[in-house]
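Understanding the architecture of this molecule
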Amino acid sequence: MSEQRTAWGWGLSSIDEAGKTLDVWYPELHVGQAPAESDRPSHGFGALADSQADARGVRRKPVFTVSDLDSPITDAADAYLRLHLLSMRLAAPNSMNLDGIFGALNTVVWTNYGPFAVENFNQRKLDVMNAAHSGPSLAPRAEVQVLSLDKFPRMVDYVIPSGVRIGDADRVRLGAHLAEGTTVMHAGFVNFNAGTLGVSMIEGRVSQGVVVGNGSDVGGGASIMGTLSGGGKLRNSIGEHSLLGANAGIGISLGDNCVVEAGLYITAGTKITVIDKQRAAAGQPYETVKGAELSGKDNILFIRNSVSGAIEARYRKTGIELNEQLHKN
């Protein structure tokens, strides 16, 4: 029997008036068997763990969470623990069971004052603004600014990974896995349970379930079809030292040292002509295959023939090289 994989830690939860968990922040997590209750460390939240509700109607409550990483998610605290594990780099994308995550998470109004419940947001917004204006001068945060209405918050409000640059924090969700040396430009997007495994440039969209290998570049406006797009089973990836050109897209995986030219979208059913010099020398016609047959293979340049319009796959000897100075974050 395989050993149970677990993770544990103290979190500070936000509970609304109806008793729903809006979020949980875990400053520190541990992978392995959880200690017995008598041996647990103290949570250390101090005055933050105030049982009284604030003007948002939200109270903060410490919660000790133990998660069985191979079993479906049980509740919001469990879901937030697994999202933290990913962003803390304690677990790689696609290494945990995330079944039930959408049902466990509540849709939340995310603001500069923290999470609000959706149901009574307008009234609670007035309460917060009145409380902020009740002092001798206008408080800097008096106006409530809504950042998003979503089940997933921004990663940087909970986890700050080392060696990373992010141009627009709104475009990286909690649960993104960003390796040292990753740069996410302003138009880049990284979903939960997705991310990078090494030094990478992300200028396009990295969808749920997708991983990008060391030394690879996802160009501006580029898109990688993710697990949710594939019905929960498809897992595309990009290998090492590969380039997905600007405004290009893939519904297959790229191996190492591959390039997809700008503006070219390749899916599993795309017809691709394989340019083979040996077949040409022997007087044989080029082979045409579906994109799925080239998925994950190394050293391929995918281009569209500008004369015939046919999509071609050509051999490429070496991969791309990213700017070393640019990624010393």
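Residues numbered from 1 in each chain as written. Predicted model: local features only at pLDDT ≥ 70, side-chain atom pairs only at ≥ 80, totals over all residues. Heavy atoms only, no water.

Rules: UniProt positions are given in the numbering used here, feature names are shortened, and annotations may be inferred rather than shown by experiment.
Where an unreviewed UniProt entry is consulted, the protein chain appears under the name 2,3,4,5-tetrahydropyridine-2,6-dicarboxylate N-succinyltransferase, with the organism given as Bifidobacterium tsurumiense. Recorded in UniProt under Subcellular location (unreviewed entry), the annotation for the protein chain is "Cytoplasm". The Pathway (unreviewed entry) field of the UniProt record for the protein chain holds the comment "Amino-acid biosynthesis; L-lysine biosynthesis via DAP pathway; LL-2,6-diaminopimelate from (S)-tetrahydrodipicolinate (succinylase route): step 1/3."

**Topic: the pattern of salt bridges**
Pairs can form between side chains of opposite charge whenever their charged atoms are close. Going by this rule: When a carboxyl oxygen of Asp or Glu is within 4 Å of a side-chain nitrogen of Lys or Arg, the pair counts as a salt bridge. Strands here are runs of E lasting at least two residues and helices are runs of H or I lasting at least four, both read from the DSSP assignment and numbered beginning at the N terminus. Buried, partly exposed and exposed residues are distinguished by accessible area as a fraction of the type maximum, computed with a 1.4 Å probe on protein chains only: under 20%, between the cut-offs, and over 50%, respectively.
In the structure shown here, the tally under the stated rule is eleven salt bridges. With a shortest N-O distance of 3.0 Å, Glu 119 and Lys 20 are connected by a salt bridge. Note that Glu 119 is positioned in the loop between β6 (114-116) and α3 (121-133) and Lys 20 in the loop between β1 (6-15) and β2 (21-25), a separation of 99 residues in sequence. A relative accessible area of 26% places Lys 20 in the partly exposed class. Between Glu 180 and Arg 89 there is a salt bridge, with the nearest N and O atoms lying 3.7 Å from each other. With a gap of 91 residues between them, Glu 180 in the loop between β9 (176-177) and β10 (182-184) and Arg 89 in the loop between α1 (76-87) and α2 (101-104) connect regions that are remote in the sequence. Judged by its relative accessible area of 46%, Glu 180 falls in the partly exposed class.

**A look at α1**
This is how the line gets drawn: What a helix should span is 1.5 Å times the count of its residues minus one. In protein, a polar contact requires one atom able to donate a hydrogen and another able to accept it; more generally it is a pair of N or O atoms within 3.5 Å, and residues adjacent in sequence count only if both atoms are side-chain atoms.
Taking 1.5 Å per residue, twelve residues should reach 16 Å; α1 reaches 17 Å between its end C-alpha atoms and fits that length. Across the twelve residues of α1, twelve count as buried, placing the element largely inside the fold. For α1, every residue scored as buried is listed here: Ala 76, Ala 77, Asp 78, Ala 79, Tyr 80, Leu 81, Arg 82, Leu 83, His 84, Leu 85, Leu 86 and Ser 87. The opening residue of α1 is Asp 75, an N-cap whose side-chain oxygen sits 3.3 Å from the backbone nitrogen of Ala 77. Positive backbone phi, at 65 degrees, marks Arg 89, one or two positions downstream of α1.

**With respect to the sheet that holds strand β5 (residues 108-111)**
Through backbone hydrogen bonds, the strands of a sheet pair up, either in parallel or in antiparallel fashion. In plain terms, the rule: When DSSP locates at least two bridges between a pair of strands, those strands are taken to pair. Under this scheme, a helix contributes an axis fitted over its contacting stretch, all axes are lines through C-alpha atoms, and angles between N-to-C directions fall in the 0 to 180 degree range. We call two residues contacting when some pair of their heavy atoms lies within 4.5 Å.
Within the open sheet, the three strands sit side by side as β6-β5-β7. Their pairing is antiparallel. Looking at which strands have only one partner, the edges of the open sheet turn out to be β6 and β7 (146-150). Neighbour-to-neighbour, the strand axes of the sheet open up by a mean angle of 25 degrees, direction not taken into account. Pairing of β5 with β7 involves four bridges; the strand directions are antiparallel. The residue of β7 that forms the bridge with Val 109 is Leu 149. Most of the contacts of α3 go to β6, to which it runs at about 140 degrees, and overall it touches β5, β6 and β7.

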